[in-house]
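Here are the chains, one letter per residue:
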Amino acid sequence: MYLGLDLGTSGVKALLMDAGQNVVGSGHGSLDVSRPHPGWSEQDPSHWIRACEDAIGELKASHPKQFAAVKGIGLSGQMHGATLLDAADHVLRPCILWNDTRSHVEASALDADPRFRALTGNIVFPGFTAPKLAWVKNNEPAVFAKVAKVLLPKDFLRLWLAGEHISEMSDSAGTSWLDVGKRRWSAELLAATALDEKQMPSLVEGTQKAGGLRAELASKWGVEAGIPVAGGAGDNAASACGMGTVGAGHAFVSLGTSGVLFAANASYLPNPASAVHTFCHALPNTWHQMGVILSATDSLNWLSEITGKGAGELTAELGDALMAPSGVSFLPYLSGERTPHNDPAIRGSFTGLAHESSRAVLTQAVLEGVAFAFRDSLEALKKAGTTLTRVTAIGGGSRSRYWLKSIATALQVPVDIPADGDFGAAFGAARLGLIAATGADPLAVCSAPRTDATIEPDARLGGAYADAYHRYRALYPAIRGATA
């Protein structure tokens, strides 16, 4: 048996997988986010351990014999969080999370230093780790003076599990301190934030052993001491391992609260100007790129609240057959946009409204607007040297076949729908635990799920969608100019 632990923002998931990669069971522990000031988002790292114990306790209670056979552990987690420890490994302050925006001034200052984009291949976003440490230095100097180690959230769990300060490449690529092409810490970038490599964890690949389970926990859980704990992965890279999105040209589109167009790469292909994330993958000598849109299903949920109709009811009103765009356009920038604009201040809009613009027309425009936002990410990936020939759809929004038809036609690539199953980050982490424990071939382990169906682009509407996308592209500069 192999255990995958995924530390999310709202909870910890523990997933048990057998040697044949069948999911045996799972457990969950809940988490809350503290927002003491506008733009702040924090968690107490001790709550992660409590939630992890809750998830493991639930899993162990429901599958005691199988849990006792665990031979490897993999970790996944929310990225970018700044967990600050003193020389005795005591937590100095609540962890500043990925969606905390307090360090926007520091992020802009670091991004103005050309070394950061040159070495990391990414814009320095406020959510990344380095600007958070710059903020602590500027605003909490007594805390900063005591920082002996900076750990990412899942790596704090590793410290608890294995007593080691270790991270891996995919998560560390989101700090703004990693030389992403060379897969090592940059002394130059660390010095720019008044830190050095001694304050960083050591680095391994996600498939490698990164410590063994402490005897105290092994005894408590009834498993062998020293079980390998894999390097693991950041949440999106772990999900990619679960989906089998690890080979060059493989990609998925995730229709969740936010949206991600994720592509695996065999080489390092940065394009920071387009706000594409270029990170190390969890597998050695592999990288990945992500286009990120901030409001995917969130856009439909917003319309659902406004209309008083459930999201499923709204999409059902459209029927099954894809329709030509109506002339009403929707920009899904309800909380700003990441790729390709890197614009936290832009906001959404409907344009082209008329007396005949019914609720169904607005729903159609929202689905198309999100599809065109993914097209923006596809174009940004192309500029970075990545061409996609098909994508696999995951996330809650992928239950809408109409939306998938719209996305396939907007992207002009087939969209595969996987067979039912749990292919998320916890499953990917369990796969990494298996690889670290057995030395199995990562590409053989991280295979893709069976495809249940494929949505092809609608050839009838290709021209109409191209025209609508052209209108969509013209709206961002017009809206920005009107609202700046």
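These numbers were taken from a predicted model, which means no experiment stands behind them.

Thresholds applied
Residues numbered from 1 in each chain as written. Predicted model: local features only at pLDDT ≥ 70, side-chain atom pairs only at ≥ 80, totals over all residues. Heavy atoms only, no water. Helix = DSSP H or I, 4+ residues; strand = E, 2+ residues; numbered from the N terminus. Buried < 20%, exposed > 50% of the residue type's maximum accessible area, 1.4 Å probe, protein only. Polar contact = N/O pair within 3.5 Å; in protein donor to acceptor, adjacent residues only side chain to side chain. Contact = heavy atoms within 4.5 Å. Salt bridge = Lys/Arg side-chain N within 4 Å of Asp/Glu carboxyl O. Phe/Tyr/Trp six-rings, centres within 6.5 Å; stacked < 30°, edge-to-face > 60°. Lys NZ or Arg CZ within 6 Å of the ring centre and 35° of its normal. Pairing = 2+ DSSP bridges. Axes fitted to C-alpha atoms, helices over the stretch in contact; angles between N-to-C directions. Expected span 1.5 Å × (residues − 1). Arc of directions from axis to C-beta. Parallel < 35°, antiparallel > 145°, perpendicular 65-115°, else oblique. Left-handed = near helix turned anticlockwise from the far one by under 90°. Nonpolar A, V, L, I, M, F, W, Y, C, P; charged D, E, K, R; others polar.

### Quick notes on the side chain of Asp111
- Looking at the element boundaries, Asp111 is found in helix H3 (residues 104-111).
- Relative accessible area serves as the criterion here: at 17%, Asp111 is assigned to the buried category.
- A polar contact of 3.1 Å, which involves the side chain of Asp111, links it to the backbone nitrogen of Val124.
- Excluding residues that lie within four positions of it along the chain, Asp111 makes contacts with Arg117, Ile123 and Val124.

### Regarding the pattern of salt bridges
- Evaluated as defined, the whole model comprises 23 salt bridges.
- For Arg183, the salt bridge identified is with Glu205, shortest N-O distance 2.9 Å. On the criterion of sequence distance, the pair formed by Arg183 in the loop between strand E10 (178-179) and strand E11 (184-185) and Glu205 in the loop between strand E12 (202-204) and strand E13 (209-212) is long-range, its members being 22 residues apart.
- One salt bridge in this structure joins Arg473 and Asp376, with 3.0 Å as the shortest N-O distance. Here the residue Arg473 occupies a position in helix H18 (residues 462-483), and Asp376 occupies one in helix H14 (residues 359-383), the gap between them amounting to 97 residues.
- According to the relative accessible area criterion, Arg473 is partly exposed, its value standing at 37%.

### Quick word on the packing of aromatic side chains
- Going through the model one piece at a time under the given rule, you end up with 16 aromatic pairs.
- Taking the centre distance of 6.1 Å and the plane angle of 15° together, the rings of Trp302 and Phe330 count as stacked. Of this pair, Trp302 sits in helix H12 (residues 297-307) while Phe330 sits in strand E20 (residues 329-331), placing them 28 residues apart in sequence.
- A relative accessible area of 31% means that Trp302 is categorised as partly exposed.
- Relative accessible area serves as the criterion here: at 2%, Phe330 is assigned to the buried category.
- The interplanar angle of 45° and the centroid separation of 5.7 Å between the aromatic rings of Phe372 and Tyr469 together place this pair among those described as tilted. Here the residue Phe372 occupies a position in helix H14, and Tyr469 occupies one in helix H18, the gap between them amounting to 97 residues. Take Phe372 and Tyr469: they sit in the same class, and that class is buried.
- Members of the aromatic cluster, joined through ring pairs, are Phe372, Tyr465, Tyr469 and Tyr472.
- Above the face of the Trp40 ring, Arg102 is positioned so that its terminal group lies 3.5 Å from the ring centre.

### Points about the sheet that holds strand E17 (residues 259-265)
- The strand order across the open sheet built from seven strands is E18-E19-E17-E16-E22-E23-E24, with neighbouring strands paired in mixed fashion. Since the sheet does not close on itself, it has two edges, and those belong to strand E18 (277-280) and strand E24 (451-455), each with one partner. Strand-to-strand twist in this sheet, taken as the mean axis angle between neighbours without regard to direction, amounts to 25°.

### Notes on the environment of Leu16
- Mapped onto the secondary structure, Leu16 falls in strand E2 (residues 11-17).
- Note: C-alpha distance between Leu16 and His63 (47 residues apart in sequence) is 8.9 Å.
- Each residue touching Leu16, except ones within four places of it in the same chain, is listed here: Met1, Tyr2, Asn22, Val23, Val24, Gly25, Leu59, His63, Gln66, Phe67 and Val70.

### Comments concerning helix H1 (residues 45-62)
- With 18 residues, H1 extends 26 Å from end C-alpha to end C-alpha; this agrees with the ideal 26 Å at 1.5 Å per step.
- The complete set of buried residues in H1 reads Pro45, Trp48, Ile49, Ala51, Cys52, Ala55, Ile56 and Leu59. Take H1 and look down its axis: the buried residues cluster within an arc of 165°, on one side only.

### Brief notes about unusual backbone geometry
- The residue after Thr339, namely Pro340, is reached through a cis peptide bond having omega 5°.
- Tracing the chain through its elements places Pro340 in the loop between E20 and strand E21 (349-351).
- One non-glycine residue with positive phi stands out, namely Gln412, at about 60°.
- Locating Gln412 in the fold gives a position in the loop between helix H15 (401-411) and strand E23 (415-418).
- Using a relative accessible area of 46% as the deciding quantity, one classes Gln412 as partly exposed.

### With respect to the side chain of Ser254
- Along the polypeptide, Ser254 turns up in strand E16 (residues 251-255).
- On the basis of relative accessible area, Ser254 is assigned to the buried category, the value being 16%.
- With residues up to four places along the chain from it excluded, the contact list for Ser254 reads Gly259, Val260, Phe374 and Ile394.

### Quick word on the packing of H14 against H15
- Running from amino to carboxyl end, H14 crosses H15 at an angle of 40°, the nearest separation of the two axes being 9 Å. Between H14 and H15, the interaxial angle falls into the category oblique. When the axes of H14 and H15 are compared, the crossing they make is right-handed. Every residue of H15 that contacts H14 at Gln364, Leu367, Glu368, Val370, Ala371, Phe372, Phe374, Arg375 and Leu378 is listed here: Tyr402, Trp403, Ser406, Ile407, Ala410 and Leu411.
- Along the lines of polarity and charge, the residues of the contact of H14 with H15 split into 11 nonpolar, two polar and two charged.

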